[in-house]
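Structural description and commentary
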Amino acid sequence: MKTTQWIIGLLLTAYIPRLYAAGTAAGANASRVISSDTAFVAVIENKVNYHKPLHKVGLDISSAYVFPTHGFFKGENLAGKPVRHHFSAHLKYGFQFAPETKFGQLYPHATQGIGVAYNTFFNQHELGAPWSVYVFQNSRLFSITRNLSLDYEWNFGASFGWKKYDEETNCKNDVVGSKINAYINLGMMLNWHFAPQWHLTAGVGMTHYSNGNTSYPNYGVNSLGGRIGLVRTVGDEAAYEKSFKRGVRPPFRPYVSYDLILYGAVRKKGVYLDESTNGVLVPGKFAIAGLNFNPMYNINRYFRAGVSLDIQYDESANITEYVVNQGASPENLKFHRPPLKEQLSAGLSIRGEIVMPIFAINVGIGKNFVCQGSDTDKFYQIFTLKTHFTKRTFLHVGYQLYKFKDPNNLMLGIGYRFNGR
């Protein structure tokens, strides 16, 4: 029944212009159309609505400070110079949903799209000059004046073209172990609508590159810096804004939803066999599997908060204690399999989630309370992107870290939302 109502709601929305024309012919001042499943209400006046998505093209540049989290960044490299600066240039395309759609009415300031970026760390010989390809989303946090607002933006994607560690040709670069790395950026910015169809943005953002321990070394590259951008709107922005302002959004009733997520990944493992030796890369890759059960209180249309039960199996956990042939060369190391209780952990994390069209960003801080061994008895941080296929099912791409900087593993899976609305 709900599916039928949803289809009927979409059809009614599609036929709003015809309903408006009929209402005008009859001499009516306004017509109201309601879809019960989406709780979407649109008021149609005796004016022509703007029925198209709003398209945007933007150019950003960013200059950032690279955190010296490893000796390589402090100058222990072939160039003999610190790596302190990160510069990037971004070209982006995005769109806003048409005002008459449900997403257009509920999230009138949200822009989502794709971007491509050129990056340099001013050490191309050892780090390369990687390109990033990503999805992004931004929206207004609040208005300061009529033409000035404070916005946020996130980027999530992959970066290509890194110069990775090589024992012979790039032996000092023991921070990047793969040519392809994940790219994550979170930022806040001022958005100035200084002329019709033109916006100037300026703000700050934090960037993280890592491969999620799928290859070694993987210390991660982190930077914090400023950004400035210029955005050109393609379409009648004034008509768009007037159109969605005529919409009437129904009141929101807080409720509790429950996300169940299953995920998996693989990882490499580096270990220190004793305090007098350097790190040793263990041959092969290890499996990761996990489950999250995440009750969330939906405070409003834009934010959820709650707790999560996090259960994870890590095939590589605590293997340092089970070396068979101590003293063997790294490529010949062998291990006994640790007991399951040393590879399995369960923790609780506090979660917050930004809710927008199609995507949701979920972050959390937690602590394992059922665990054994130094590899699992830790506080952890989680950053995930949820991409919704339907109202209840979504793709889950996540990342678990320790100490807010040490990558642990990827979390690639699917999720289902109970009591989704």
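Reading guide: rules and limits
- Sequence order sets the numbering: in each chain, residues are counted from 1 along the sequence as written.
- A pLDDT threshold of at least 70 governs which residues receive local features in this predicted model, and a stricter bar of 80 or more applies before side-chain atom pairs are shown or counted, although totals over entire chains, interfaces and linings include all residues.
- Each side-chain value is derived from all of the structure's non-hydrogen atoms; neither hydrogens nor water enter the calculation.
- A run of H or I in DSSP counts as a helix once it spans at least four residues, and a run of E counts as a strand once it spans at least two, with each numbered from the N terminus.
- Only protein chains enter the accessibility calculation, which uses a 1.4 Å probe; a residue whose area is less than 20% of its type maximum is buried, one above 50% is exposed, and one in between is partly exposed.
- Areas reported here follow the Shrake-Rupley algorithm with a probe of radius 1.4 Å; residue values treat only the protein chains shown as occluding.
- Any two strands between which DSSP finds at least two bridges are classified as paired.
- What counts as an axis is a line fitted to C-alpha atoms, over the stretch in contact for a helix, and the angles between N-to-C directions run from 0 to 180 degrees.
- Between Lys or Arg on one side and Asp or Glu on the other, a salt bridge is scored when a side-chain nitrogen of the former is within 4 Å of a carboxyl oxygen of the latter.
- Centre distance within 6.5 Å is the pairing criterion for rings of Phe, Tyr and Trp, where only the six-membered ring of Trp is used; planes under 30 degrees apart are then read as stacked, over 60 as edge-to-face, and the remainder as tilted.
- Note on geometry: a ring has a charge over it if NZ (lysine) or CZ (arginine) is within 6 Å of the ring centre and within 35 degrees of the ring normal.
- Definition of nonpolar core: a set of buried residues of the types Ala, Val, Leu, Ile, Met, Phe, Trp, Tyr and Cys, connected through side-chain atoms within 4.5 Å.
- Polar contacts, as counted here, are pairs of nitrogen or oxygen atoms within 3.5 Å of one another; within protein the pair requires one atom able to donate a hydrogen and one able to accept it, and residues that are adjacent in sequence qualify only if both atoms are side-chain atoms.
- Residues are treated as being in contact if the distance between any of their heavy atoms lies within 4.5 Å.
- Confidence of the predictor at the level of single residues is given by pLDDT, which spans 0 to 100.

What follows deals with the overall build of the chain. Helix and strand counts for the chain come out as seven helices and 20 strands. Going through the 421 residues of the chain one by one, you find that 47% of them count as buried. Only carbon and sulfur atoms are counted for the fraction: they give 63% of the accessible area of the chain, which is about 21,000 Å².

Moving on: the sheet that holds strand β3 (residues 54-66). Pairing within the closed barrel is antiparallel, and its eight strands lie in the order β3-β4-β5-β6-β7-β8-β9-β10. Direction aside, neighbouring strands of the sheet carry axes that sit 25 degrees apart on average. Bridge analysis of strand β8 (residues 180-195) against strand β9 (residues 198-210) gives 12 bridges, and the strand direction is antiparallel. For Trp-192, the partnering residue across the bridge sits in β9 and is Leu-200.

Two side chains with opposite charge may pair up if their charged atoms get near one another. By the definition in use, this model includes 14 salt bridges. With its nearest N and O atoms 3.5 Å apart, the salt bridge here joins Arg-227 to Glu-153. A residue pair is termed long-range when its members are at least 10 positions apart, and Arg-227 in strand β10 (residues 221-234) and Glu-153 in strand β7 (residues 148-162) qualify at 74 residues. Between Arg-417 and Glu-353 there is a salt bridge; the shortest N-O distance is 3.7 Å. A residue pair is termed long-range when its members are at least 10 positions apart, and Arg-417 in strand β20 (residues 406-418) and Glu-353 in strand β16 (residues 344-355) qualify at 64 residues. Just as Arg-417 is buried, Glu-353 falls in that class too. Among the charged side chains, a salt-bridge network with shared partners connects Asp-259, Arg-304, Glu-353, Lys-386 and Arg-417.

All right, on to the packing of aromatic side chains then. Applying the stated rule across the entire model yields 18 aromatic pairs. Taken together, a centroid distance of 5.7 Å and an interplanar angle of 80 degrees make the contact between Tyr-65 and Phe-67 edge-to-face. Overall, Tyr-65 belongs to the partly exposed group, its relative accessible area being 40%. Put simply, the rings of Phe-95, Phe-97, Phe-103, Tyr-107 and Tyr-302 pair up and form one aromatic cluster. Note that Lys-92 overlies the ring of Phe-136, its terminal NZ or CZ placed 5.0 Å from the centroid. Here the guanidinium or amino end of Lys-367 rests over the ring plane of Phe-379, the centre of that ring lying 5.8 Å away.

As a further point, take the nonpolar core. Counting residues in hydrophobic clusters, the biggest one holds 15 residues, and the most contacted among them are Phe-73, Phe-121, Leu-127, Trp-162 and Val-221. Mapped by element, the contributors of at least two residues to this core are α3 (71-74) and β6 (128-145). In this structure, Leu-106, Trp-154, Val-355 and Met-356 belong to the second largest nonpolar core, which totals 13 residues.

Below, the discussion takes up the side chain of Gln-137. Counting through the fold element by element, Gln-137 comes out in strand β6. A distance of 3.0 Å separates the side chain of Gln-137 from the backbone oxygen of Pro-357, its partner in a polar contact. Residue contacts for Gln-137: discarding those within four places in its chain leaves Thr-111, Gln-112, Tyr-152, Glu-153, Trp-154, Met-356, Pro-357 and Phe-359.

On to the pairing of β7. For β7, the buried fraction is high: 11 of the 15 residues fall into the buried class. Sheet analysis places β6 next to β7, joined by 14 bridges and oriented antiparallel. Bridge pairing in β7 links Tyr-134 to Gly-157. Here β6 folds back onto β7, and the loop between the two strands holds two residues. As paired strands, β7 and β8 are joined by 13 bridges and run antiparallel to one another.

All right, on to the environment of Pro-82 then. Mapped onto the secondary structure, Pro-82 falls in the loop between α3 and β4 (85-96). Each C-alpha atom, one on Pro-82 and one on Gly-71, is 8.9 Å from the other, the two residues being 11 residues apart in sequence. With residues up to four places along the chain from it excluded, the contact list for Pro-82 reads Phe-73, Lys-74 and Gly-75.

Strand order in the closed barrel formed by eight strands is β11-β14-β15-β16-β17-β18-β19-β20, and the pairing between neighbours is antiparallel. Each adjacent strand pair in this sheet contributes to an overall mean axis angle of 25 degrees, direction not counted. Alignment of strand β17 (residues 359-370) against strand β18 (residues 379-388), held across nine bridges, turns out to be antiparallel. In the strand pairing of β18, Gly-364 is matched with Ile-382.

So, on to the environment of Ser-139. Structurally, the position occupied by Ser-139 is in strand β6. Residues Ser-139 and Met-356, 217 residues apart in the sequence, show an inter-C-alpha distance of 8.8 Å.

Looking now at the environment of Asp-314. By the element assignment, Asp-314 lies in strand β15 (residues 303-314). Since its relative accessible area comes to 7%, Asp-314 is described here as buried. Taking the C-alpha atoms as reference points, Asp-314 and Ile-288, separated by 26 residues in sequence, lie 4.9 Å from one another. Excluding anything up to four places from it in sequence, Asp-314 contacts Arg-267, Ala-287, Ile-288 and Gln-343. There is a polar contact of 2.7 Å between the side chain of Asp-314 and the side chain of Ser-316.

Our next topic: the confidence of the model for the chain. Scored by pLDDT, the chain comes out at a mean of 84, with 83% of its residues at no less than 70. Segment residues 1-48: pLDDT under 50, and 58 contacts once partners within four positions in sequence are set aside and those in other chains are kept.

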